[in-house]
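Coordinate inspection notes
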Amino acid sequence: MTRFTTGGDALAEALIAQGVDTIFGIPGVQLDAACDALYYRKAQIRYICARNEQAVTYMADGYAHSSGREGVGMVVPGPGVLNALAGLATAYSTNSRVLLICGQVDTPQIGKGDGVLHELPDQTGIIARLCKWHAMAEHAEDIPGLVAEAFRQLRSGRPRPVVLEIPPDVLAASIPANLAIPGYVEPEPVVPADEVLRRAAERVARSQRPLIYAGGGVRAAGASKELTELAHLLGAPVVVTENGRGDIDADDPLAFDQVAFRKLRETADLIIAVGSRFVGSFGGELNVNGVPYICINADAADLTGPRHPEIAVLGDAKVALAKLVELLGGVDGESAGDGESSSESAGAAAGDDAAVVAQSVVGYRPAYRSEELAEVRAWSDRTLAQLDPQREYLDVIGRVLGKDGVFVSEYTQIGYAAAICMPRHSPETYIGPGYEGTLGFGFATSLGVQAAAPDRRVVSVSGDGGFSWTLQELSTMRRFGLAVAAVVFNDGYYGNVRRIQNGNYGGRVFSSDLTDPDYMKLADAFGIAHARVFDPQELGRALEKALASRTPTLIEVPVADFPSPWNLVHEGLPTPPALPEHADRVPRE
């Protein structure tokens, strides 16, 4: 029997109305009424109990990033909120649709400083700086409307996390029997101005060597198809950022890794930046080699300084790209360069504006670029060869995952390389921590990915340093049968810290060495399948077995030093000296 008597019931019903079927959380006294309401709705909402609140927000992030649906987490106030903030900040940096529901102290005690359980001074102020939208429910009957508004914020404009605080007395309060629950909130994309899009289309039509620079906003808007259509219409190469990996199929002849931007900008005459912050890796204006550019973004803040676009288009990537394709004569997949009939059909289908622009590009053909692009790809491959053997491991992981499997990265030696050279073939199949660079992100996030799609192949990569943040979630992995293949590359150090200490501080190594558990015994303790492997080929076999068996698995890869990736991740850094041959290998036990 479904109960509907308290604020907790109103919360559960409001979440169900928005399509929520999974909540990640940890119960606690300030959430008792909400958890009791979820008890009565176990058939409608699955509750996955984590072992640390940091993992709660990571799991919600993974669920959202990989599924296109919203991820929901629920934590107690005070230490629960503080533990969850690293994941909330990461979701903010990667534009992830995460709703965090958090408890408070009883309403009369908020801000009093009485020292009640889990009280924080100005918890609301702490949270509000790490999310797109925040609210506190002051009355139980307010909860359904606030939940609906939370989802309107999540589904409209730039996606970023939102937070709803609910005090325990509000969750436990009685509600009217006829309390209305708002229906499903439809997305409200930011629609670009027609005049601005028309000017952008005319500017694109005048270019002969356009270059597209695609970021996470393409994935967030579900605009992969429109991006690919525009690229093929223009014959334009597409450079993807880390958060945009999979925006275009890596096998597409027009798809390029970010390092290729350094060559492609040399011959481009226009850059179309879509769904990207379009800044340098250390902040500041991106080096575009003087090439003019158009910026398309759903957030007005990413259209101004340090950027200086020739045309700034405020709009959702999907809407903007689709309209550009229409305006440039690509309706029904026809190229504007295919002749007069193309522009006529575009005008008929897209209206007068499209007809004007399409007429202006009749006979337009992108400069013949196959030779140029082949040279850039060869240069990129030679450049990225500096990252062997990291690429060897990544190639194996990509092969085993296939096109639809999800790769969850982290700030580790393999993860740094993955950010610029891990081939992905569709949106939502590459998930990384973005500019937040959060250690502990990868493994816990992958559990949320697997919860969203139990039959999907999911691999996470961590270093032994980062894995220690959330290794207790092996318990969650086992309890809920989340069949992730969690790969830990173990060098016994905070590897990047140690590299910097050796390279920049005369070898004065300080607190960068680690004491790690025996990972095989650790996996045994949790009842997790496990393997220890020593090279890419062995890793491939272990992954095949783990993913075919649909069994939660921990795989350890003992490694030595890897080549530094930083000159490739961050332009301007010097090329590091090569490691001695086989320095990356460790002897077998």
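Residues numbered from 1 in each chain as written. Predicted model: local features only at pLDDT ≥ 70, side-chain atom pairs only at ≥ 80, totals over all residues. Heavy atoms only, no water.

**Observations concerning the UniProt feature "domain: Thiamine pyrophosphate enzyme N-terminal TPP-binding" (unreviewed entry) in the protein chain**
Quick note on the threshold: UniProt positions are given in the numbering used here, feature names are shortened, and annotations may be inferred rather than shown by experiment. The way it works is that DSSP assigns letters per residue, a run of H or I at least four long becomes a helix, a run of E at least two long becomes a strand, and they are numbered from the N terminus.
Those places that UniProt annotates as "domain: Thiamine pyrophosphate enzyme N-terminal TPP-binding" (unreviewed entry) correspond, in this numbering, to residues 6–124. End C-alpha atoms of residues 6–124 are separated by 23 Å, and the span's content is 43% helix alongside 16% strand.

**Examining the state of the cysteines**
What counts is decided by this rule: Only a pair of cysteine sulfur atoms within 2.5 Å counts as a disulfide in this structure description.
By the definition in use, this model includes 0 disulfides. Cysteine Cys49 shares no disulfide, and the gap to the nearest cysteine sulfur, in Cys35, comes to 8.7 Å.

**Things to note about the domain arrangement of the protein chain**
In many analyses, interface size is given as the accessible surface area lost on bringing the parts together. In plain terms, the rule: Domain start and stop points were drawn from an automatic or database domain assignment. Two residues form a contact once any of their heavy atoms are found within 4.5 Å. Once two parts are put together, the accessible area they lose, assessed with a 1.4 Å probe and summed over both, is termed the buried area. The salt bridge definition used is simple: a Lys or Arg side-chain nitrogen within 4 Å of an Asp or Glu carboxyl oxygen.
By domain assignment, the protein chain separates into domain 1 (7–172), domain 2 (194–330) and domain 3 (388–569). On the domain 2 side, the residues contacting the 8 residues of domain 1 number 7 residues. Around 580 Å² of area is buried between domain 1 and domain 2 when both sides are counted, 37% of it from carbon and sulfur atoms. Connecting domain 1 to domain 2 are 2 salt bridges.

**Quick notes on the sheet that holds strand β9 (residues 255–256)**
Operational definition: Any two strands with at least two DSSP-identified bridges between them are counted as paired.
Pairing within the open sheet is parallel, and its 6 strands lie in the order β9-β8-β7-β10-β11-β12. The sheet is open, and its two edges are formed by β9 and β12 (311–314), each paired on a single side. Bridge analysis of strand β7 (residues 210–214) against strand β8 (residues 238–240) gives 3 bridges, and the strand direction is parallel. Within the sheet, the bridge partner assigned to Ala214 lies in β8 and is Val240.

**Notes on the nonpolar core**
Threshold: Think of a nonpolar core as a cluster: buried Ala, Val, Leu, Ile, Met, Phe, Trp, Tyr and Cys residues, connected wherever their side-chain atoms sit within 4.5 Å. Exposed residues in this analysis have more than 50% of their type's maximum accessible area, buried residues have under 20%, and partly exposed residues fall in between, with area computed by a 1.4 Å probe over protein chains only.
In terms of nonpolar packing, the biggest core is built from 55 residues, with Ile212, Leu227, Leu230, Ile271, Val274 and Phe278 touching the most fellow members. Not counting the four nearest positions on each side in its chain, Phe278 is found in contact with Tyr213, Ile271, Ala273, Leu286, Val288, Tyr293, Cys295 and Arg307. Phe24, Ala444, Leu447 and Val449 belong to the second largest nonpolar core, which has 47 residues in total.

**Points about the pattern of salt bridges**
Side chains that differ in charge, positive against negative, can pair when their charged atoms come close. Under the definition given, this model contains 27 salt bridges. Here Arg152 makes a salt bridge to Glu188, at a shortest N to O gap of 3.5 Å. Pair noted here: Arg152 is in helix α6 (residues 143–155) and Glu188 is in the loop between α7 (168–172) and α8 (194–206), with a separation of 36 residues, a long-range link. The exposure class of Glu188 is partly exposed, given its relative accessible area of 41%. The partner of Lys263 in a salt bridge is Glu266, and the shortest N-O contact between them spans 3.8 Å. In this pair, Lys263 and Glu266 are both assigned in helix α11 (residues 261–267), 3 residues apart and thus about one turn of the helix distant. The class for Lys263 is partly exposed, based on a relative accessible area of 28%.

**Thoughts on the environment of Arg160**
Worth spelling out the cut-off: Under this definition, polar contacts are N or O atom pairs within 3.5 Å; protein pairs additionally need one hydrogen-donor-capable and one acceptor-capable atom, and for neighbouring residues in sequence, both atoms have to be side-chain atoms.
With respect to the secondary-structure elements, Arg160 resides in the loop between α6 and β6 (162–166). Overall, Arg160 belongs to the buried group, its relative accessible area being 11%. Between the C-alpha atoms of Arg160 and Ser93, which are 67 residues apart in sequence, the distance is 8.0 Å. Only 3.0 Å separates the side chain of Arg160 from the side chain of Tyr92, close enough to count as a polar contact.

**What to know about α6**
Inclusion rule: To estimate the expected span of a helix, subtract one from its residue number and multiply by 1.5 Å.
Taking 1.5 Å per residue, 13 residues should reach 18 Å; α6 reaches 18 Å between its end C-alpha atoms and fits that length. Counting buried positions over the 13 residues of α6 gives 10, a clear majority of the element. Along its buried surface, α6 packs onto α1 (7–17), β3 (71–75), β4 (98–103), β5 (133–136), β6 and α7. Of the residues trailing α6, Gly157 is marked for its positive phi of about 65°.

**Observations concerning the packing of helix α3 (residues 53–67) against helix α18 (residues 441–452)**
Using the following cut-off: Axes here refer to lines fitted to C-alpha atoms; in helices the fit is confined to the stretch in contact. Angles between the N-to-C directions go from 0 to 180 degrees. Here the angle decides the label: under 35 degrees means roughly parallel, over 145 means roughly antiparallel, 65 to 115 means roughly perpendicular, and every other value means oblique. The sense of a crossing depends on the near helix, which, turned anticlockwise from the far helix by less than a right angle, makes the crossing left-handed and, turned clockwise, makes it right-handed. Only Asp, Glu, Lys and Arg are considered charged, only Ala, Val, Leu, Ile, Met, Phe, Trp, Tyr, Cys and Pro nonpolar, and every remaining residue, Gly among them, polar.
Put simply, α3 and α18 touch, their axes get as near as 6 Å, and they point 50° apart. In this view, α3 runs oblique relative to α18, as classed from their interaxial angle. Note on packing geometry: the crossing formed by α3 with α18 is right-handed. The segment α3 lies against α18, with Ala55, Tyr58, Met59, Asp61, Gly62, Tyr63, Ser66 and Ser67 engaging Phe441, Ala444, Thr445, Leu447, Gly448, Val449, Ala451 and Ala452. Residues that form the contact of α3 with α18 fall into these classes: 10 nonpolar, 5 polar and 1 charged.

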